[in-house]
Amino acid sequence: MQKTIKEDMGWCRQDGSFEIPQCVHRDEYFGLEFKLDNGQDKKMVSKDGKVHTGTVSVRQLDADGNTDPENEWEAVCKDGSNNFAAGAICRSLGFKQGEHIELSKKLKQATESKTTDGKTTDGSAKLNWGWTNFACDFDDTLPQSRHCRATRYEEARKQMGLKALCFGFDVMAVRCFESTAFNVNVDVRFSKKKISCNAQATKRQNRINLGAEDLQVKFLLDDVEIETEVKFNRKRGFSTKYSLKNIDFNCLSCELYMEDILFAKGEKCSDDEKENGKMTTKKTAKMKMTKKRVEKEDTSEDNCEDLEDIEDLEDLEDMEDILFA
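Residues numbered from 1 in each chain as written. Predicted model: local features only at pLDDT ≥ 70, side-chain atom pairs only at ≥ 80, totals over all residues. Heavy atoms only, no water.

(A) Region of interest: the pattern of salt bridges. Summed over the entire model, instances satisfying the criterion amount to 14 salt bridges. Here Arg13 makes a salt bridge to Asp140, at a shortest N to O gap of 2.8 Å. Taken as a pair, Arg13 in the loop between strand S1 (11-12) and strand S2 (18-19) and Asp140 in the loop between strand S7 (129-136) and strand S8 (148-152) lie far apart in primary sequence, 127 residues in all. The exposure classification of Arg13 matches that of Asp140, with both residues buried. We note a salt bridge from Arg26 to Asp64, for which the minimum N-O separation is 2.8 Å. (Salt bridge = Lys/Arg side-chain N within 4 Å of Asp/Glu carboxyl O. Helix = DSSP H or I, 4+ residues; strand = E, 2+ residues; numbered from the N terminus. Buried < 20%, exposed > 50% of the residue type's maximum accessible area, 1.4 Å probe, protein only.)

(B) Quick peek at the nonpolar core. Counting 21 residues, the largest nonpolar core has Val186, Phe219, Leu252, Cys254 and Leu256 as the members making the most contacts within it. Aside from chain neighbours lying at most four places away, what touches Leu252 is Val188, Phe190, Ile195, Phe219, Leu220, Leu221, Leu244, Gly266, Glu267 and Lys268. Counting 18 residues, the second largest nonpolar core, distinct from the first, contains Phe34, Trp131, Met172 and Cys176. (Core = buried A, V, L, I, M, F, W, Y, C linked by side-chain atoms within 4.5 Å. Contact = heavy atoms within 4.5 Å.)

(C) The side chain of Asp41, seen in detail. The topology assignment puts Asp41 in the loop between strand S3 (31-37) and strand S4 (53-61). The side chain of Asp41 sits in the buried core without any salt bridge; Lys106 is the nearest counter-charge, 4.4 Å away. Of note is the side chain of Asp41, whose polar atom sits 3.0 Å from the backbone nitrogen of Lys43. (Lys, Arg positive; Asp, Glu negative; His and termini not counted. Polar contact = N/O pair within 3.5 Å; in protein donor to acceptor, adjacent residues only side chain to side chain.)

(D) The state of the cysteines, seen in detail. In the structure shown here, the tally under the stated rule is five disulfides. Note on cysteine connectivity: Cys90 is disulfide-linked to Cys176, with sulfurs 2.0 Å apart. Here the disulfide of Cys90 and Cys176 is left-handed, its torsion about the S-S bond being about -75°. In this pair, Cys90 is assigned in helix H1 (residues 83-92) and Cys176 in strand S9 (residues 173-177), connecting sequence segments 86 residues apart. Overall, the relative accessible area of 0% leaves Cys176 in the buried class. Here Cys136 connects covalently by a disulfide to Cys148, the sulfurs 2.0 Å from one another. (Disulfide = S-S within 2.5 Å.)

Next up, the structure:
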C-alpha cells in the first residue's frame, strides 16, 4: 500500500480534491527512500543530529522495505520540480514542510566529489542521475502520492534529448523544517538582583533578529507586573535590575508585545530554578576568576557598572564582552 501522511487514512481538501492510500500489487510495488547530504556543513544539522538541509538522493525499496544491492543511491535533478515536491521529500524524512534551495559552496563541493571525471562527453555532470521533473500538486503529500509525478532520467533523455540534460548545478537541494509558522522561544532567567528575558525567533529554521525598537516587554511576578527599568542587549535580550531577596513567589514570567499584541511569553518558576539553575563548581570558579580579572581592568563608569552589581555568571560574561573583546 502507498500510504499518505495519515498512514492508511485519506481525507478531503476544501477544493474538493482528496488524498487516499493506494493499493498496489506486491509484484508491482516499489518504495522510495530519500536522504540528504549536507556536505559536512554543521549548520545543516539539527541539535539531535538530524540533517535538515542538503542535496537529495533516492533509492528504490521493495515491498518489504528492503533495497536491492544493485539499487544504488541516485541523484535527483531539479528540472521541472516545485516546492510541493520538496515538501513531499521532507515529509518522507519525518519533517512537516520543505522548500528548494540553491546549492551552497559546500554542497557544490560535495556534488563535485561524486563525479568520476567531472563531465561526460556531452558536458553533463557524471552523476548517477535517477529522477527528474519531480513535482506535486499539493503541499500535504508524500512522494508517491497520485498527485505527484516524476520521470526516470533515462526516459527523459530518450523523450527530450539534450533538453533533458542535467548538470552538476542541477542537483536538487532542499531545506526541511517542522513548521512554516513564525516561532518564538523565550528563555527567562533570574538571580537575586537581576532578571533576564531572551527571545529567539525562527521561521523555517531561519533565525530572525528581533529588534528592541519593535518590542515591548513586561516582567511579572506571579502574574503581577513589575514596574522597573528594562535594558536591551542584542546578545542576551532584555534584562532588568530587580532585587528578589526576601520575596516569596512561585513563578516569574516575561511577556513580549509587538504593537500592543502579545506574541510570546516565557516563564521560570522558583522550583525549576532551584533544581536546574544551581551553578556547578566549575561555573563558580569561573565567576571568581573573572571577577579578579575585572578588578584588575578599568572599571570606570564608561566601561561597566560597579562590581557590586556582578551577581551571577551572566553578569560576568557581559562584563567580559566589554573588557576583554
